[in-house]
Amino acid sequence: MATDARRGAAAGAKNARRDVSRPGQARRTLRAVPTGEQTEGGEPVLVEQPGPVLEDRLDGKVALVTGAGSPDGIGYATARRLKAQGATVAIVSTTRRIHDRATELGVTGFVADLTDETEVGALADALAEQFGPVQIVVNNAGLASKASPEVLRPVAQLTYEEWKLEIDRNLSTAFLVSRAFIGGMAENGWGRIVNLAATAGPVNALPAEAGYAAAKAGVVGLTRALAMELVADGITVNAVAPGIIHTGASTLVELKQGYGTPMGRPGTPDEVAATIAFLCSPPASYITGQMLVIDGGNSVQEAQYR
């Protein structure tokens, strides 16, 4: 019993201690009451006034999402979310299947090779003519395709052409597309750029993927440099780094690895798209130059096997 009494006294003393995180002299209890109501002593009651709430709607904004040709991919899911939030959306990929995706989403599709500076310029001109200034760019292009498969070789066996291919489609595309639209964003004093990095490169690495890892790490560097260059123009630039995401391009090995994450499953394109859409929205106005990892905690856990 004595022990319990001491614990109770200690707890009481602890609760009685002043909260040093707040001013002690001027603390008052606020109570929401009709305007003009007075206390019993005749003094007016302080009424809490909520601040302005920033809506996540994107009405009146024009958004471009690159790499949206797959119906099971992150680009497609992102375009769908941005349209649901009110944006006028354009999507682009390297093949004509983009027109099928555009029809499904009710948006406009373009075919362009975003590693080609001339084609990026033509895309920018077409968007300006059809929609006016583009305020949102999501640089999702970069995944390998059947026509241009991923290069998996150790550095000692990697050719210079293969190295350039990985850098061009994963990093140069983000550079060329961003450069094409930041001028218009700056003139309007508002813009959002979200780049797709990956955990491979900025967070970890796998053997035989040096080109991909280097390119994705470069995407983060580009993101931060652009964020500092454009912050005074009302433009935010951020990156997301997905881990193992279940897309149409996922291999069985990748999906099996996804079940080894702390959450016990791979992520979904829509979970990545939700994060991208938030970074594109007005409430994300104080976030810039950041990389947000979306991997179910996989990069946090210690190795499962030692």
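My aim in this report is to walk through the structure given alongside it, one point at a time. Being a predicted model, the structure only gives us computed values, none of them experimental.

What follows is about the overall build of the chain. Secondary structure assignment for the chain yields eight helices and seven strands. Within the chain, the proportion of its 306 residues that are buried is 39%. The long-range share in the chain, meaning contacts at least 24 apart out of those at least 6 apart in sequence, stands at 68%. Put simply, the chain shows about 17,500 Å² of open surface, and 54% of that area lies on carbon and sulfur atoms.

Further remarks concern the pattern of salt bridges. Going through the model one piece at a time under the given rule, you end up with nine salt bridges. Here E166 makes a salt bridge to R169, at a shortest N to O gap of 2.8 Å. Of this pair, E166 and R169 both sit in helix α5 (residues 160-188), three residues apart, which is roughly one turn of that helix. Its relative accessible area of 8% is what places R169 among the buried residues. A network of salt bridges, in which partner residues are shared, links R80, R81 and D270.

Spatially, seven strands are ordered β3-β2-β1-β4-β5-β6-β7 in an open sheet, and the strand pairing comes out parallel. The sheet is open, and its two edges are formed by β3 (108-111) and β7 (291-294), each paired on a single side. Adjacent strand axes in the sheet meet at a mean angle of 20°, parallel and antiparallel pairs treated alike. Here five bridges tie strand β1 (residues 62-66) to strand β2 (residues 88-93), and the two strands are oriented parallel to one another. By the bridge assignment for β2, V65 is matched with I91.

Below, the discussion takes up unusual backbone geometry. A positive phi angle is found at A208, which is not glycine, with a value near 75°. Among the secondary structure elements, A208 is positioned in the loop between β5 (191-196) and α6 (210-230).

With that out of the way, let us pick up the environment of G289. Take G289: it is sitting in the loop between α8 (269-280) and β7. Along the chain, G289 and N238 lie 51 residues apart, while their C-alpha atoms are 5.1 Å from each other. In this view, G289 contacts R224, A227, V237 and N238; residues no more than four positions away in its chain are not counted.

In this structure, L64, L114, L127 and F181 are the most contacted members of the largest nonpolar core, which totals 35 residues. Sorting the residues of this core by element identifies β1, β2, α4 (117-131), α5, α6 and β6 (235-242) as the ones contributing at least two each. It is α5 that provides the largest number of residues to this core, a total of eight residues. If sequence neighbours within four positions are ignored, F181 has contacts with L64, A124, L127, V134 and V137.

Turning our attention to the packing of helix α2 (residues 74-84) against helix α3 (residues 98-105). The interhelical angle for the contact between α2 and α3, taken along N-to-C directions, is 30°, at an axis separation of 11 Å. In terms of orientation, α2 lies roughly parallel with respect to α3. Seen along the crossing, α2 lies across α3 with a hand that is right-handed. Residues Y76, A79, R80 and K83 of α2 pack against R101, E104 and L105 of α3.

Of note, N238 is situated in strand β6. The class for N238 is buried, based on a relative accessible area of 1%. Of note is the side chain of N238, whose polar atom sits 3.2 Å from the backbone nitrogen of G289. Of note is the side chain of N238, whose polar atom sits 3.0 Å from the backbone nitrogen of Q290. Every residue in contact with N238, bar those within four places of it in the chain, is listed here: I193, V194, N195, T223, L279, I287, T288, G289 and Q290.

What follows deals with the side chain of T236. Note that T236 resides in strand β6. By relative accessible area, T236 is classed as buried at 5%. Leave out the neighbours within four places in its chain, and T236 touches G191, R192, I193, L279, A284, S285, I287 and T288.

One full turn of an α-helix is made of 3.6 residues, so residues set three or four places apart face in the same direction. Within the span of α2, buried status applies to I74, G75, Y76, A77, T78, A79 and L82. With its phi angle positive at about 105°, G86 sits one or two positions after the end of α2.

Procedures and definitions
- Residues numbered from 1 in each chain as written.
- Predicted model: local features only at pLDDT ≥ 70, side-chain atom pairs only at ≥ 80, totals over all residues.
- Heavy atoms only, no water.
- Helix = DSSP H or I, 4+ residues; strand = E, 2+ residues; numbered from the N terminus.
- Buried < 20%, exposed > 50% of the residue type's maximum accessible area, 1.4 Å probe, protein only.
- Contact = heavy atoms within 4.5 Å.
- Areas by Shrake-Rupley, 256 points an atom, 1.4 Å probe, with all protein chains shown as cover.
- Salt bridge = Lys/Arg side-chain N within 4 Å of Asp/Glu carboxyl O.
- Pairing = 2+ DSSP bridges.
- Axes fitted to C-alpha atoms, helices over the stretch in contact; angles between N-to-C directions.
- Core = buried A, V, L, I, M, F, W, Y, C linked by side-chain atoms within 4.5 Å.
- Parallel < 35°, antiparallel > 145°, perpendicular 65-115°, else oblique.
- Left-handed = near helix turned anticlockwise from the far one by under 90°.
- Polar contact = N/O pair within 3.5 Å; in protein donor to acceptor, adjacent residues only side chain to side chain.

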